[in-house]
Amino acid sequence: MPEVVFPLDSTKRFTEQEKLGHNRWHPDIPAQVHVKRDSTFRVHCREWFDGAIRNDDSADDVRDAPLSTVHVLSGPIAVEGAKPGDLLVVDIVDVGPIPQEDSGPLAGQGWGYTGIFATRNGGGFLTEQFPDAYKVVWDFRGQTATSRHVPGVSFTGIVHPGLMGTAPSRELLARWNAREGALIATDPDRVPPLALPPLPQDAILGGLTGDAFTKAAAEAARTAPPRENGGNQDIKNFTKGTRVFYPVFVDGANLSMGDLHFSQGDGEITFCGAIEMGGFIDLHVDVIEGGMETYGVSENAVFMPGNTDPQYSQWLAFSGTSVTLDGEQRYLDSHLSYQRACLHAIDYLTTFGWTREQAYMILGAAPIEGRLSGVVDIPNSCSTVYVPTAIFDVDVRPSASGPARIDPGQGVPRSSF
C-alpha cells in the first residue's frame with residue numbers, strides 16, 4: 001500500500017483531523033502535504049457532507065443538508081518543482097470506499113447514498129418535475145450496489161472521484177468571481193440561484209488563521225461548479241487507470257480532491273447524486289514542464305480514461321429534442337434535449353412498476369451513458385440516454401407481452417419544506 005499522506009479518522013469530524021483540508025478554492029490556502037515528482041501516495045477522503053447524511057429511511061437530512069459546508073476536500077498537496085504553466089500529470093492508481101470498514105454510520109462504510117435537493121436548495125437536473133428532497137441508500141457488496149429503496153436493480157459500480165483539481169492563481173480566482181457575480185446580477189433572486197458567490201460562513205481554509213483567513217474567506221470560490229482548474233467535474237470515467245493532465249496556476253500546483261462516488265450516471269442528474277461516499281484514492285504524480293503552452297492546454301484538464309468500466313453490452317436508449325414540455329421550440333438547446341431524454345427514460349421505467357422518483361434515482365446512480373447525438377440540425381438538438389439492460393431483475397426491452405411488473409417496495413424517502 002502506498003504511504004498515506006493525508007490520513008482521516010472515521011470517528012472524527014473533518015475539522016478535528018490531524019491534517020485540516022478545505023472547502024473553498026483560494027491560492028493562499030497553504031499546502032498540507034508536500035510530495036516529490038514521480039511519487040505514489042494514498043489520500044483519504046470524507047464524504048462531501050462530512051457525515052451529515054444518515055443510513056435511514058428519511059430524506060429530512062437531505063432537505064436540511066448543510067450546503068455551506070461543502071465540499072470537504074483533502075489537500076492541498078504540493079508537488080515538488082511544479083510551476084505555473086506546467087501540466088500536472090495525475091494517475092489514479094486505485095480508488096474505493098473506506099478500507100476495512102464495511103459497516104458504520106459514515107457513507108463509505110459499506111454503503112452510500114443518492115439524493116435530490118429541494119428546488120430552494122439548488123434542485124437537480126429535473127427540479128421542475130421533482131421539487132422536493134429525496135434520498136436513496138445503496139448497500140455495497142464487492143463492486144455491486146443494491147438498495148432497499150429501489151428494488152429490482154443491481155449494478156457494478158464505476159468508482160471515481162467527483163472532484164479533483166489544482167489551486168487557482170489570484171488572477172484566475174478574480175475572473176471566476178467577476179464572471180459568476182455578473183451572472184448572478186442578471187437575476188439575483190432566482191431560485192435556485194444562477195451561481196454561488198463567495199460565502200465566509202462555514203469556510204474551511206486549511207492552515208489560514210486571523211486576518212489572512214478573513215480576507216481569503218471573503219474571496220474564496222465555492223467548490224460546487226467545475227472550472228478551469230478541474231474541480232467538481234463529476235466525470236464518471238475518472239476511474240482506476242485514468243491519467244489526468246491538470247493546468248498548473250500556482251507553485252506546487254496544490255492538488256486537492258474529494259467527493260468520491262461508488263457509481264454515477266452521465267451528468268449526475270440528481271445533483272446530490274451519484275452514490276456519495278467517503279473512501280481512499282491512490283495517486284501517482286509527475287510534471288510536464290511548460291506543458292500548458294506546449295500542448296495548448298491553457299484551461300480545463302485533458303484526461304485519458306481508465307479501462308475498468310463495467311462491461312455492459314446491451315443497452316436501451318432514449319432520445320430527446322430541444323422542445324419544452326409545453327411545446328415551445330428552442331434552438332439547438334442540448335441541455336433541454338438531455339432533460340427530455342431523461343424524462344422519456346423515466347416515463348418508460350414507470351410502466352414496469354418503479355415510481356418516477358425511483359426511475360430518476362436509477363439514472364443518477366447507475367452507469368448510464370449520456371450522449372450529444374445531434375447538434376447541427378436546426379432547430380432541434382438531439383441527446384440520448386443509454387441504460388444498460390442487465391442492471392434490472394426483469395427484462396425491460398419492449399415486447400408483445402407487455403412490461404413485467406415489479407414490486408416498488410417502500411419507495412424513495414421524500415421530504416419537503
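In what follows, the accompanying structure is described. (Residues numbered from 1 in each chain as written. Predicted model: local features only at pLDDT ≥ 70, side-chain atom pairs only at ≥ 80, totals over all residues. Heavy atoms only, no water.)

## Focus on the side chain of R222
Thinking step 1. Position of R222 relative to the elements: it lies in strand β12 (residues 221-222).
Thinking step 2. Of the side chains with opposite charge, D202 lies nearest to the buried R222, which makes no salt bridge, at 8.4 Å.
Thinking step 3. At 3.3 Å, the side chain of R222 forms a polar contact with the backbone oxygen of P197.
Thinking step 4. The residues contacting R222, other than those within four sequence positions of it, are R24, W25, L67, S68, L196, P197, L199 and R227. (Helix = DSSP H or I, 4+ residues; strand = E, 2+ residues; numbered from the N terminus. Buried < 20%, exposed > 50% of the residue type's maximum accessible area, 1.4 Å probe, protein only. Lys, Arg positive; Asp, Glu negative; His and termini not counted. Salt bridge = Lys/Arg side-chain N within 4 Å of Asp/Glu carboxyl O. Polar contact = N/O pair within 3.5 Å; in protein donor to acceptor, adjacent residues only side chain to side chain. Contact = heavy atoms within 4.5 Å.)

## Here we look at the pattern of salt bridges
Thinking step 1. Within this structure, the stated rule accounts for 25 salt bridges.
Thinking step 2. The salt bridge involving K36 is made with E80; its shortest N-O contact spans 3.5 Å. One end of the pair, K36, is in the loop between β3 (33-35) and β4 (39-45); the other, E80, is in the loop between β5 (74-79) and β6 (87-97), with 44 residues separating them in the sequence.
Thinking step 3. Owing to a relative accessible area of 53%, K36 belongs among the exposed residues under this scheme.
Thinking step 4. According to the relative accessible area criterion, E80 is partly exposed, its value standing at 46%.
Thinking step 5. E219 is the salt-bridge partner of K215, the closest N and O atoms lying 2.9 Å from each other. In this pair, K215 and E219 are both assigned in helix α3 (residues 210-219), four residues apart and thus about one turn of the helix distant.
Thinking step 6. Its relative accessible area of 25% is what places E219 among the partly exposed residues.

## Thoughts on the nonpolar core
Thinking step 1. If you look at the biggest cluster of nonpolar residues, it comprises 74 residues, and the most contacted ones within it are L88 and F155.
Thinking step 2. Per-element accounting of this core gives the leading share, eight residues, to helix α5 (residues 334-350).
Thinking step 3. If we ignore the near neighbours within four places in the chain, the residues touching L88 are V79, T166, V244, F245, Y246, V248, A253, L255, V285, D286 and V287. (Core = buried A, V, L, I, M, F, W, Y, C linked by side-chain atoms within 4.5 Å.)

## Some points on the side chain of K135
Thinking step 1. Residue placement: K135 occurs in strand β8 (residues 133-141).
Thinking step 2. Within the local environment of K135, its side chain forms a polar contact with the backbone oxygen of R54, the two atoms lying 2.8 Å apart.
Thinking step 3. Of note is the side chain of K135, whose polar atom sits 2.8 Å from the backbone oxygen of S58.

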